[in-house]
Amino acid sequence: MPPPGAYSSQQAPYPYYPPAPGQGGPPPGQPYPPMQGYSSYMPPQNPYMMPPPMSGLPPAMPKPMRPAVRLHMQASKLPRMDGMFGRADPFVAVAHDGKLIAKSEIIRNTLSPDWRPFVIPVEDAGGMDGRIEVRLYDYDDDGTDDYIGGFATTLNEMREKEGKDIHIKDPKKPKSKRGILKLTKMETIEVPPPADAYEFTLRAKGLPKMDGFFGKADPFIIFSSVDDEKNTLEYITKTEYKKQTLEPTWHGVKVNTFDCKGIDGPLLLRVYDYDDDGVHDYIGEIRTTLRELTQDNQLLPIRNPEKAVNPSYKNSGTLFVDNADRSTKELDYLYITTVHIKFSAKKLANMDFLGKSDPYFVVKTKNGESLFKSEIIKNNLSPSWEIFDLKVFDAGKLSDKLTIEIWDSDSKSEDDRIGIVETCMKELLEWKRNPEFCVFEGKKKRGLLIVDKLETVTVPPQPGMPPMLNPAYSDRAAEIAPSHAAAAYSSMPPAYMHMPMPMGGMAPPPGFAPGYPPPGGMGAMGGPGGMPPGQAYASGGGYPPAFAASPYPPQMANPYASQGYPSQGYPSQGYPPPQQYPGSPPPGQGQYPGSPSPAQGHVPHMNQQQPGQPQHPAPGQLQQQPQQQQQQQQ
């Protein structure tokens, strides 16, 4: 290997790193080996060669572009769908295997729409010859869009129909004429795969008044992913609430794709009216997917199922997706290990006949395991508890349910439960958007739990170490960082997973002798560092002499002693090249310049100055020996 500092990220870019400061790489102008493990750095004759170290979280590798088609479509002579004197609000939906893969904008009140171009990824369509369904709908405010007509085809067949009229029919009425669809242009393009996250600008109109006849509403939205099989919801995020408005706009609503279980994972958006008592009034909901939200200019009706039984009911407002920008995922959550939280409460129910309650709280996991029990605050219905620590690892996934039980302590009888708050770690992390939680016992309100303060403790990745992924995301590691060499981590031997990995020919860490494997580190085969026991280091030929009380296992004799030093330094076992590292000998010399002779039985450490020995340079610098001193040593 070349000396430290020989590597330049401009000269030899490699997708995993550059390594930590002061660590070497390939010769200038030569790239790192391809992403196939570290085989080219571990020749068969040397199983003890260490793989290159990571330097924290590897930079994201560019995701490959995907082929796609961009369709320019228009229609004419569509039927009137909104009564005798009305028209239609048409849009196009394209599906493959029953799954929506593309959707046009909705154009209001027209029978001759000319839609903006929309894109279909070829892979999502099952290839150019995959069967797709092109459907035309009339948008309705009540969410029950009326089917106009459609046809089945493939992308290759669509290309043949470019510029031609396509007669739309209703499959249930083969002889019906439902208008003409025309593909005016079909372009072949490339598009990136779904983003790691999206940042939305959302807007609502037509919300109902929730705060009395003269009031308005304080709306906010909670995003959840839906597990239809288990009939459960998993919290994703929520917006801030907007005060006193029926037409709110939310900017910068960021949603991570893996939280949504992918681009096509079912989502539930619930709209609430914020109330100071913590019991937020339900306005309505939207069932959708991240793919639908990212299509151009979408508008989605907000429906309240309880009111839908009324024939005159249409919706409880409309949500407009004004903007959907590709974004990067929030990696901060990956490194959170501990959360410092301060709780208080107010207006707690009094559980004592004489005096007031003596409240304390207990935090429990979804399995009922107790994580923390607070101190007891005597005779107080508005307690303020001390800050406590909550380990993220103990809480499970960030979206797993946490139950906070509030109790009244009784010395002469069993403690009385005042009520509970059900939340999750991720919702607590977003506490500033809504710091107050209603305490319920059954359907009864028993007061408010308030997050006064929350701070996180993170462990960012260290140079030379792979990142410590938050266990809350461990079950989705492949989705979290597919572009961050997650597969490379899993392919590394277990011994490498949680420690820096010295490379042959690299400057060792401070405190280790130059060119030696670490005395107590992890070897390439998962055992102690160094060479196999039972083999001695050679006393001559330029190899490091043995320690007097050596922590290193002995090494076999130098097979190159009779041939001198190879022109590129030591052989590929990972020893330093000549005249490059502190303490390495020049070609043809049997001892290290400026260091004790082999007979002395030890080699000075990097940060240990010996009498008569020049000061070692810092890692990443070449040692320049004065010519006169070299002559004296010779």
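Predicted model, so just to flag it, every value in this text is computed and none were measured. (Residues numbered from 1 in each chain as written. Predicted model: local features only at pLDDT ≥ 70, side-chain atom pairs only at ≥ 80, totals over all residues. Heavy atoms only, no water.)

## Focus: the overall build of the protein
Okay, step 1: When helices and strands are counted, the protein shows seven helices and 24 strands.
Okay, step 2: With 634 residues in all, the protein has 50% of them scored as buried.
Okay, step 3: Taking the intrachain contacts of the protein between residues at least 6 apart in sequence as the baseline, contacts between residues at least 24 apart amount to 62%.
Okay, step 4: Summed over its atoms, the accessible surface of the protein is roughly 30800 Å², and 52% of this surface lies on carbon and sulfur atoms. (Helix = DSSP H or I, 4+ residues; strand = E, 2+ residues; numbered from the N terminus. Buried < 20%, exposed > 50% of the residue type's maximum accessible area, 1.4 Å probe, protein only. Contact = heavy atoms within 4.5 Å. Areas by Shrake-Rupley, 256 points an atom, 1.4 Å probe, with all protein chains shown as cover.)

## Some details on the sheet that holds strand 11 (residues 232–238)
Within a beta sheet, neighbouring strands are joined by backbone hydrogen bonds and run either parallel or antiparallel to one another.
Okay, step 1: With antiparallel pairing, four strands are arranged side by side in an open sheet as 11-10-13-14. Each edge of the sheet is formed by a strand with only one pairing partner; in this case those strands are strand 11 and strand 14 (281–289). For this sheet, the mean angle separating the axes of adjacent strands, direction not counted, is 30 degrees.
Okay, step 2: When strand 10 (residues 219–227) meets strand 13 (residues 266–273), the two strands line up antiparallel, connected through seven bridges. Considered in strand 13, the bridge of Pro-219 is made with Asp-273. (Pairing = 2+ DSSP bridges. Axes fitted to C-alpha atoms, helices over the stretch in contact; angles between N-to-C directions.)

## Side note on the confidence of the model for the protein
Okay, step 1: Of all residues in the protein, 62% attain a pLDDT of 70 or more, and the chain-wide mean is 73.
Okay, step 2: Throughout residues 1–59 the model reports pLDDT below 50, and contacts reaching past four residues in sequence, or to other chains, amount to 158 contacts.
Okay, step 3: Every residue in residues 464–509 is under pLDDT 50, and counting partners more than four places away or in other chains gives 126 contacts. (pLDDT = per-residue confidence, 0-100.)

## So, the sheet that holds strand 16 (residues 318–327)
Okay, step 1: Spatially, four strands are ordered 12-9-16-15 in an open sheet, and the strand pairing comes out antiparallel. Across the chains shown, the open sheet's two edge strands, defined by having one partner strand only, are strand 12 (249–256) and strand 15 (298–301). In this sheet, neighbouring strand axes are inclined to one another by 30 degrees on average, regardless of whether the strands run parallel or antiparallel.
Okay, step 2: Taken together, the four bridges between strand 15 and strand 16 define a ladder with antiparallel strand orientation. Bridging across to strand 16, Pro-301 finds its partner in Thr-318.

## Details of the pattern of salt bridges
Okay, step 1: With the rule as written, the count across this model stands at 29 salt bridges.
Okay, step 2: Put simply, Arg-131 and Glu-157 hold a salt bridge, and the shortest N to O gap is 3.5 Å. Of the two residues, Arg-131 sits in the loop between strand 4 (118–121) and strand 5 (132–138) while Glu-157 sits in helix 1 (residues 155–160), which places them 26 residues apart along the sequence.
Okay, step 3: Judged by relative accessible area, Arg-131 falls into the partly exposed class, the value being 46%.
Okay, step 4: One salt bridge connects Lys-366 with Asp-400, and the closest N-O pair in it is separated by 3.7 Å. Remark: Asp-400 occurs in the loop between helix 3 (392–395) and strand 21 (401–408) and Lys-366 occurs in the loop between strand 18 (359–364) and strand 19 (370–373); sequence separation between them is 34 residues.
Okay, step 5: Each of Arg-66, Lys-99, Glu-123, Asp-124, Asp-264 and Arg-291 takes part in one network of salt bridges that share partners. (Salt bridge = Lys/Arg side-chain N within 4 Å of Asp/Glu carboxyl O.)

## Brief notes about the packing of aromatic side chains
Okay, step 1: Applying the stated criterion across every chain yields a total of 13 aromatic pairs.
Okay, step 2: Centre to centre, the rings of Phe-91 and Tyr-137 are 5.6 Å apart; their planes meet at 20 degrees, and the pair counts as stacked. Note that Phe-91 is positioned in strand 2 (residues 90–96) and Tyr-137 in strand 5, a separation of 46 residues in sequence.
Okay, step 3: Between Tyr-272 and Tyr-282 the ring centres are 6.0 Å apart and the planes differ by 65 degrees, which places this aromatic pair in the edge-to-face class. Remark: Tyr-282 occurs in strand 14 and Tyr-272 occurs in strand 13; sequence separation between them is 10 residues.
Okay, step 4: An aromatic cluster is built from Phe-343, Phe-361, Phe-372, Trp-385 and Phe-388, whose rings are joined through pairwise contacts.
Okay, step 5: In this structure, Lys-209 is placed above the aromatic ring of Phe-213, and the distance from its NZ or CZ to the ring centre is 5.7 Å.
Okay, step 6: The ring centre of Tyr-360 lies 4.9 Å from the NZ or CZ of Lys-373, which sits over that ring. (Phe/Tyr/Trp six-rings, centres within 6.5 Å; stacked < 30°, edge-to-face > 60°. Lys NZ or Arg CZ within 6 Å of the ring centre and 35° of its normal.)

## Some remarks on the pairing of strand 24 (residues 444–458)
Okay, step 1: Direction of pairing for strand 17 (residues 336–346) relative to strand 24: antiparallel, over a ladder of 10 bridges. By the bridge assignment for strand 24, Lys-346 is matched with Leu-448.
Okay, step 2: The loop that links strand 23 (residues 436–441) with its antiparallel partner strand 24 comprises two residues; one of these, Gly-442, has a positive phi angle of about 70 degrees.

## So, unusual backbone geometry
Okay, step 1: Of note, the phi angle at Lys-261 is positive, near 60 degrees, even though the residue is not glycine.
Okay, step 2: Looking at the secondary structure, you find Lys-261 in the loop between strand 12 and strand 13.
Okay, step 3: Judged by relative accessible area, which is 38%, Lys-261 ranks as partly exposed.
Okay, step 4: In this model, Asn-379 sits at a positive phi of 50 degrees, which is unusual for a non-glycine residue.
Okay, step 5: Structurally, Asn-379 can be placed in the loop between strand 19 and strand 20 (388–391).

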